[in-house]
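Spelled out from the first residue to the last, the chains are:
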Amino acid sequence: LIPHAFLSLSSLIFHIEKECVVGKPMIWQEFRAHNIIFGMRSIVCSAMAWLSIHHHHQPIWRHLAVYTSCFAVLASSKSADWATHNLRH
């Protein structure tokens, strides 16, 4: 999972357009932010599922996985809203 996180975050090293250029297949800041946010959400949820499995689904680990995953989904939605509001021109 860590390589996937680094791959998603590595997009920050590139200079990209601030806004969508119609007719050109290019990424822009808002789109990149959404990709990172939703990529990290998947990584967090996957890591929590692995943690629960690793601990043989003991109730404390299963509950931690479920609650953390739910929080990750809600936080990613709020973060995507923030990114849209602040990065869309």
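Here the structure is shown first, and the text comes after it.
Criteria and thresholds
- Residues numbered from 1 in each chain as written.
- Predicted model: local features only at pLDDT ≥ 70, side-chain atom pairs only at ≥ 80, totals over all residues.
- Heavy atoms only, no water.
- Helix = DSSP H or I, 4+ residues; strand = E, 2+ residues; numbered from the N terminus.
- Rg over C-alpha atoms; globule rule 2.2 N^0.38 Å.
- Buried < 20%, exposed > 50% of the residue type's maximum accessible area, 1.4 Å probe, protein only.
- Contact = heavy atoms within 4.5 Å.
- Areas by Shrake-Rupley, 256 points an atom, 1.4 Å probe, with all protein chains shown as cover.
- Lys, Arg positive; Asp, Glu negative; His and termini not counted.
- Charge placed at Lys NZ, Arg CZ, Asp CG, Glu CD.
- Salt bridge = Lys/Arg side-chain N within 4 Å of Asp/Glu carboxyl O.
- Expected span 1.5 Å × (residues − 1).

J.: Outline the overall build of the protein, supporting the account with residue identities and numerical values.
T.: Within the protein, the secondary structure is distributed over 3 helices and 0 strands. Over its C-alpha trace the protein gives a radius of gyration of 16 Å, far above what one expects of a compact globule, namely 12 Å for 89 residues. Dimensions of the protein, computed from C-alpha atoms along their principal axes, come out at roughly 50 × 25 × 20 Å. Residues counted as buried form 21% of the 89 residues belonging to the protein. For the protein, the share of sequence-separated contacts (at least 6 apart) that also reach a separation of at least 24 residues comes to 61%. When the accessible surface of the protein is summed, it comes to about 6600 Å², and 70% of that surface belongs to carbon and sulfur atoms. The positive charge centre, built from 7 side chains, and the negative charge centre, built from 4, are 9 Å apart in the protein.

J.: Please provide a residue-by-residue account of the pattern of salt bridges, values included.
T.: A side chain with one charge can pair with a side chain of the opposite charge if their charged atoms come near. The final tally for this structure, using the stated rule, is 1 salt bridge. Residue Glu 30 is joined to Arg 88 by a salt bridge in which the shortest nitrogen-to-oxygen separation is 2.9 Å. With Glu 30 in helix H2 (residues 29-54) and Arg 88 in the segment after helix H3 (59-87), the pair connects residues that are 58 residues apart, well separated along the chain. The exposure class of Glu 30 is buried, given its relative accessible area of 7%.

J.: Before we move on, can you summarise the environment of Ile 37 with the specific residues and values?
T.: The topology assignment puts Ile 37 in helix H2. Residues Ile 37 and Ser 76, 39 residues apart in the sequence, show an inter-C-alpha distance of 5.9 Å. Residues contacting Ile 37, with those up to four places away along its chain left out, are Ser 76, Ser 79, Ala 80 and Ala 83.

J.: Please give an account of H2 that cites residues and values.
T.: Helix length check: H2, at 26 residues, gives a terminal C-alpha distance of 37 Å against a target of 38 Å (1.5 Å per residue), a fit within 8%. Among the residues making up H2, those that are buried are Glu 30, Arg 32, Ala 33, His 34, Ile 36, Ile 37, Ile 43, Met 48, Leu 51 and Ser 52. Turning to H2, the residues buried within the fold contact helix H1 (2-9) and H3. Once H2 finishes, His 56 follows within two positions and takes phi at roughly 55°, a positive value.

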